[in-house]
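# Observations on the model geometry
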Amino acid sequence: MLYTFRNALVGLHWISLFQPWSILEVWDGLRRLPKRLKWICKSISFFSNMMKIRKLLRKIIAFLLFRIDWKKLFFIGAILTVFRVMFQISTLPYPLTEWILFPPSEISSSRNLNHEKNLRELPVSPDNRYSHSQHAPVVVSLNSTGGLSQRMQVLQRQEQVSRQWKRRKHVNAVDKVIFPSSPVRNVSNHMLRYIASLPPDEALAYAKREIENAPLVTDDQDLYTPLFRNVSVFKRSYELMELILKVYIYKEGKRPIFHQPYLRGIYSSEGWFMKLMEDSRQFVTRDPQKAHLFYLPYSARQLQRARYVPNSHNLKPLSVFLQNYVNMLAAKYPFWNRTRGSDHFLVACHDWGPYILKDHEELSRNTIKALCNADISEGIFVAGKDVSLPETTIRNPRRPLRNLGGKRVSQRPILAFFAGNMHGPVRPKLLKYWRDKDESIRIYALLPHRVSKVMSYPEHMKSSKYCLCPMGYEVNSPRIVEAIYYECVPVIIADNFVLPFSEVLNWTDFSVVVSEKDIPRLKEILLSIPLRRYQAMQNNVKMLQKHFIWNSTPTRYDLFHMILHSIWVSRLNQLQVSQIS
């Protein structure tokens, strides 16, 4: 037995010597056999499933060919198609017959400046009107306003019937679900589609006509009526701005002069507007063909820091830089030459803002200029066409609303207060007549350290009934907005200064304007205001704050929207709507 086992091992040894891979191959084949058997089973299962699918398809084809009455099926499909077409027609913004009865409106424009005297204002009332542009280089006329008005009447009747049908079906909540993001309340889907289909000039003409026929507003929870010249017109204009306005921002221009907002200091208004405008999804469009306005996104403050040679007193390099920039845009795009720049706007808060525009005639004359230095005596700023930009001092961009608020009337023992640098013609005169002359009127060149230790500058404003806002080198002053922040009635001493938002706000109800020649009579003028009148003015200042506040995320009626609305109104004032007799 042992002999036989030994011989077998010897045999295997010699086999392995002459055929080394035979045993390994056999073993590998046996190891792979279960996998191959499994693959064969899957293949058999797949082919059996295919046979079942073929049988099912045969049954379906037989059912479709021999069991269905195709005549009845086509008849039912035709009925459903007719109903579908009728439903689609009912959802159009206006009936198809309107194209036959009232042909589409035509827009024509003219560059003849002689038509400026025929431009109409946005009428409000005989004493409260939007002021219109004296220098509108482009006049837009609407040649079929009668037909358009009739179309709108038909649309309104259709909307009224639609609302009645919804009431009967108890689906009033549908509107709230469909239009949650609509900026204008109670705007139907039909109206949104209709306005979106209008070309830019025709949309502006429609907006102006709607503003002229603004519904009466007697009480609004978002607006304090005593602040406004005509709250009905302002509200309607603002709503249409939210609904219609689109702004195209030129991408050209390198940082830091372009597209880099400066958010700190007394010139921060231009930077905050640039930041919020470029971040806006509601008003900014990437398609210039849909734009109603074109924004030149430069910072006058950044331009001064980058191009001005200190102590040179030469603004020519800054002016030439802007001239070359506008010429580049005019050569690259058709939009500037189309209107000679009248639908373009710029925002500049630096004192030099108006002066660096002089070398480009169209830029200086035609463009809508939002300027802090809103001085009508220089011949650059044009009241009614250009926009007075509020000058705000932002010390901490992360907390722009720091120290907001003030004290009540009984805690304001100081009649009038001012402290600041003695530059310009007005402030030295104020110091001459009133420094150390009266305990109730506190005038300082700069707030002395001994005084500021007891009461800081903001506390002085919060403890004063009136805050004096005299002009410096230029007519504008950040103290106007500071006074509003601290709930102190501003006293504006700056002849030839156009007050911000004066086309909509009634400044006489929350401020006092004193002529430069009346500085010696300052106390007499302030004491002549009755206590009840002052209390009403001070309360109006509190209610006014929301319109002069920068918000990191803009809210309705805040400073960003108020500035944009003034630019919107200026654009509307360029239009002339001609009625067909």
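Residues numbered from 1 in each chain as written. Predicted model: local features only at pLDDT ≥ 70, side-chain atom pairs only at ≥ 80, totals over all residues. Heavy atoms only, no water.

## Looking at the overall build of the protein chain
Each helix and strand in the protein chain was counted, giving 21 helices and 12 strands. A burial count over the protein chain gives 47% of its 581 residues as buried. Within the protein chain, residue pairs in contact and separated by at least 24 positions form 74% of the contacts whose partners lie at least 6 positions apart. Approximately 31,600 Å² of the protein chain is accessible, and the part contributed by carbon and sulfur atoms is 58%. (Helix = DSSP H or I, 4+ residues; strand = E, 2+ residues; numbered from the N terminus. Buried < 20%, exposed > 50% of the residue type's maximum accessible area, 1.4 Å probe, protein only. Contact = heavy atoms within 4.5 Å. Areas by Shrake-Rupley, 256 points an atom, 1.4 Å probe, with all protein chains shown as cover.)

## Some details on the nonpolar core
Among the nonpolar cores identified, the biggest contains 140 residues, and Phe273, Tyr298, Tyr466, Leu505, Phe548 and Trp568 are the most heavily contacted of them. Take this core: its biggest share by element is nine residues, from helix H21 (residues 559-572). In this structure Phe548 touches Pro390, Val481, Ile484, Tyr485, Pro500, Phe501, Leu505, Trp507 and Leu559, once residues within four positions along its chain are discounted. (Core = buried A, V, L, I, M, F, W, Y, C linked by side-chain atoms within 4.5 Å.)

## Some thoughts on the confidence of the model for the protein chain
Predicted confidence across the protein chain gives a mean pLDDT of 81, with 76% of residues reaching 70 or more. This model gives residues 93-149 a pLDDT under 50, and the stretch forms 149 contacts once residues within four places in sequence are excluded. Note that residues 577-581 has pLDDT below 50 and, in this model, 14 contacts with residues that lie over four places away or in other chains. (pLDDT = per-residue confidence, 0-100.)

## Describing the environment of Thr81
One can find Thr81 in helix H3 (residues 70-90). Among the polar contacts made by the side chain of Thr81, one reaches the main-chain carbonyl oxygen of Gly77 at a distance of 2.8 Å. (Polar contact = N/O pair within 3.5 Å; in protein donor to acceptor, adjacent residues only side chain to side chain.)

## Digging into the state of the cysteines
As used in these notes, a disulfide is a covalent bond between sulfur atoms, one from each of two cysteines. Scanning the entire structure with this criterion turns up two disulfides. What pairs with Cys349 in a disulfide is Cys372, and their sulfur atoms sit 2.1 Å apart. When the S-S torsion is -90°, as for the bridge of Cys349 with Cys372, the disulfide is left-handed. Of this pair, Cys349 sits in the loop between strand S5 (344-348) and helix H14 (361-365) while Cys372 sits in the loop between strand S6 (368-371) and strand S7 (387-388), and the two are 23 residues apart along the sequence. Just so you know, Cys469 is unpaired, no disulfide at all, and the nearest cysteine sulfur is the one on Cys467, 6.7 Å from it. (Disulfide = S-S within 2.5 Å.)

## Description of the pairing of S5
Most of S5 sits inside the fold, with five of its five residues counted as buried. Alternating positions in S5 separate into two faces, His344, Leu346 and Ala348 on one and Phe345 and Val347 on the other, with burial throughout. As judged from the two bridges shared by strand S4 (residues 293-295) and S5, these two strands associate in the parallel manner. Within S5, the residue paired with Phe294 across the bridge is His344. Sheet topology places S5 next to S6; four bridges connect them, and they run parallel. (Pairing = 2+ DSSP bridges.)

## Some thoughts on the side chain of Glu474
Mapping Glu474 onto the fold places it in the loop between strand S10 (464-470) and helix H18 (479-485). Buried charge without a partner: Glu474 forms no salt bridge, and the closest opposite charge is Lys358, 9.9 Å away. Side chain to side chain, Glu474 and Tyr355 meet in a polar contact 3.0 Å long. Within the structure, the side chain of Glu474 is placed 3.2 Å from the side chain of Asn373, a separation counted as a polar contact. (Lys, Arg positive; Asp, Glu negative; His and termini not counted. Salt bridge = Lys/Arg side-chain N within 4 Å of Asp/Glu carboxyl O.)

## Some remarks on the pairing of strand S11 (residues 489-493)
Most of S11 is tucked away: five of the five residues are buried. Neither face of S11 is open: one carries Val489, Val491 and Ile493, the other Pro490 and Ile492, and all of them are buried. Pairing of S10 with S11 involves five bridges; the strand directions are parallel. If you follow Leu468 over to S11, its bridge partner there is Val491. As a crossover connection, the stretch from S10 through H18 into S11 is right-handed. Sheet topology note: the S11/strand S12 (residues 512-513) ladder contains two bridges and is parallel. By the bridge assignment for S12, Val491 is matched with Val512. (Right-handed = clockwise from strand over helix to strand, strands pointing away.)

## Topic: the sheet that holds S6
Across the sheet, five strands lie side by side as S3-S4-S5-S6-S7; this open sheet has parallel pairing. Two strands close off the open sheet at either side, each with one partner strand: strand S3 (247-249) and S7. Where helix H10 (residues 268-279) meets the sheet, it contacts S3, S4 and S5, and its direction lies at approximately 135° from that of S5. (Axes fitted to C-alpha atoms, helices over the stretch in contact; angles between N-to-C directions.)

## Some words on the packing of helix H8 (residues 200-212) against H21
As a packed pair, H8 and H21 sit with axes 10 Å apart at the nearest point and diverge in direction by 100°. Our classification of the angle between H8 and H21 gives roughly perpendicular. Contacts between H8 and H21 involve Asp201, Leu204, Ala207, Lys208 and Ile211 from the former and Trp568, Arg571 and Leu572 from the latter. Its residues assigned to classes, the contact of H8 with H21 shows five nonpolar, no polar and three charged. (Parallel < 35°, antiparallel > 145°, perpendicular 65-115°, else oblique. Nonpolar A, V, L, I, M, F, W, Y, C, P; charged D, E, K, R; others polar.)

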